[in-house]
Amino acid sequence: MTSKTYAGNYFEDFTVGQELVHTSPRTVTVGDAALYTALYGSRFALTSGETFAASMGMERMPLDPLLVFHTVFGKTVPEVSLNAVANLGYAACRFTAPVFPGDTLAARSEIVGIKANRDGKTGVVYVHSTGTNQHGDVVLDYVRWVMVRKRDESSPAPETLIPQLPTVVAAADLVVPPGLTGADYDIALAGSPFLWDDYEVGERIDHVDGMTIEEAEHMTATRLWHNTAKVHFNQFVEKDGRFGRRIVYGGHLISIARALSHNGLANAQTILAINAGTHCNPTFAGDTVHAWSEVLERFELPGRTDVGALRTRLVATKDLPCTNFPLRDEGGTYLPNVVLDLDLTLLVPRR
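Computed from a predicted structure; not experimentally measured.

Undergrad: What's the story with the pattern of salt bridges in this structure? I'm lost.
TA: Here the idea is simple: oppositely charged side chains can pair when their charged atoms come close. Throughout the structure, instances matching the rule amount to 11 salt bridges. For arginine 94, the salt bridge goes to aspartate 141, with nearest N and O atoms at 3.8 Å. One end of the pair, arginine 94, is in strand E3 (residues 84-95); the other, aspartate 141, is in strand E6 (residues 138-149), and 47 residues separate them in sequence. According to the relative accessible area criterion, aspartate 141 is buried, its value standing at 16%.

As structure tokens, then:
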């Protein structure tokens, strides 16, 4: 009799060019927005207050772009990373349209690269995913790569294909939400006097605050985003795994670090792109996350004088304050307490 349960794809099941339609479209609501705030404490005014969003020209208050990212990402997990060891990185992620409460998000993916690991037990799969709303409009477009277990360690290695990915999303490819304006911007309500013009390339910002991850929180987040990867939710399995416990979903770290960055970048009201990202070391419940940012680039957006873009490096650590901006050792290896290295393009109003 044919099994009616689904065990997920293993490394051998992926081929370059393979297309995946992900299940369970999800309608996002104001409840999701409230839960997002409860989980991460994000205070960016554009996604916190209807009146502030209206003052910036938005028809309605949009959902946080990372809430959109997690929702679409979660859709891809059953077919892509149910049997993953770890999610490794991101590239070329663009937020191409705002998402509002009541929108329904769906996802599709294409396998764009594959590489067997030397250990013979795992391989890396490169996946290009798109998220769309109920009108078929693309709201999110990104590539990630993930380490996936093999079903049979004796199976032959496929031909390696590693895709060429851009290091930065070009300014011409960035999408400012329709209607959004930085004219008559209220810095008092936003929470900071520092606008696009006030940041300098090379400037580093210690975001000062820390946030401890609780077991219940990262488990709630994993379920909220329909993320069914075993490494995040199944302690019965993971007690015999590499770490003997569940690891925290990497996106959970991204949202915590982004929320912490409000203290120093409060006017970075939305994320236009995730240019690149690396999960450097695992994170577990009980770890306290700190964060710091570096301004990598400040550039104008085509045809805009009211808003500009800041490209920043956002680094998160566990159990290590960021006074000294920790990142790598003398040999260039990430320090063991550095858990996230993320390259973002942020939208900031101008003077």
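Undergrad: Please explain helix H5 (residues 215-224) as it appears in this structure.
TA: An α-helix turns once per 3.6 residues; consequently, residues spaced three or four apart project the same way. Within H5, the full set of buried residues consists of His218, Met219, Ala221, Thr222 and Leu224. Turning to H5, the residues buried within the fold contact strand E2 (26-27), helix H1 (30-40), helix H6 (230-233) and helix H8 (250-260). Looking at the residues trailing H5, positive phi occurs at histidine 226, about 55 degrees.

Undergrad: What's the story with the packing of aromatic side chains in this structure? I'm lost.
TA: Scanning the model with the defined rule gives 10 aromatic pairs in all. Relative to phenylalanine 325, the ring of tryptophan 292 lies with its centre 5.4 Å away and its plane at 70 degrees, an arrangement referred to as edge-to-face. Within this pair, whereas tryptophan 292 is found in strand E10 (residues 288-300), its partner phenylalanine 325 is found in the loop between strand E11 (307-318) and strand E12 (338-349), the two being separated by 33 residues in sequence. Feature note: the residues Phe69, Phe73, Tyr90, Tyr142 and Tyr249 constitute an aromatic cluster, connected by ring pairs. One residue, arginine 328, lies across the ring of tyrosine 334, its end atom 4.0 Å from the ring centre.

Undergrad: What is the right way to look at the pairing of strand E5 (residues 122-132) in this model?
TA: Remark: a regular strand shows side chains that alternate across the two faces of the sheet. Of all the 11 residues making up E5, eight are buried; the element is thus mostly covered by neighbouring parts of the structure. If you look at the hairpin formed by strand E4 (residues 104-116) and E5, you'll find five residues sitting between the two strands, and glycine 120 has a positive phi there, around 75 degrees. The antiparallel hairpin formed by E5 and E6 contains five residues in its connecting segment, where glycine 136 sits at a positive phi of about 85 degrees.

Undergrad: What is the right way to read the environment of valine 21 from this model?
TA: Topologically, valine 21 is positioned in strand E1 (residues 19-21). Sequence spacing of valine 21 and glutamate 297 is 276 residues, and the spatial spacing of their C-alpha atoms is 37 Å. Those residues in contact with valine 21 that lie beyond four places of it in its chain are Glu79, Ala107 and Arg108.

Undergrad: Quick question: what am I supposed to make of the environment of tyrosine 40 here?
TA: Within the element layout of this structure, tyrosine 40 appears in helix H1. The exposure class of tyrosine 40 is buried, given its relative accessible area of 1%. For the pair tyrosine 40 and threonine 76, spaced 36 residues apart in sequence, the C-alpha separation works out to 22 Å. Once residues within four sequence positions are removed from consideration, tyrosine 40 is found in contact with His70, Met211, Ala221, Trp225, His252, Ser255, Ile256 and Ala259. Here the side chain of tyrosine 40 touches histidine 252 through a polar contact of 2.9 Å, side chain to side chain.

Calculation rules
Residues numbered from 1 in each chain as written. Predicted model: local features only at pLDDT ≥ 70, side-chain atom pairs only at ≥ 80, totals over all residues. Heavy atoms only, no water. Salt bridge = Lys/Arg side-chain N within 4 Å of Asp/Glu carboxyl O. Helix = DSSP H or I, 4+ residues; strand = E, 2+ residues; numbered from the N terminus. Buried < 20%, exposed > 50% of the residue type's maximum accessible area, 1.4 Å probe, protein only. Contact = heavy atoms within 4.5 Å. Phe/Tyr/Trp six-rings, centres within 6.5 Å; stacked < 30°, edge-to-face > 60°. Lys NZ or Arg CZ within 6 Å of the ring centre and 35° of its normal. Pairing = 2+ DSSP bridges. Polar contact = N/O pair within 3.5 Å; in protein donor to acceptor, adjacent residues only side chain to side chain.

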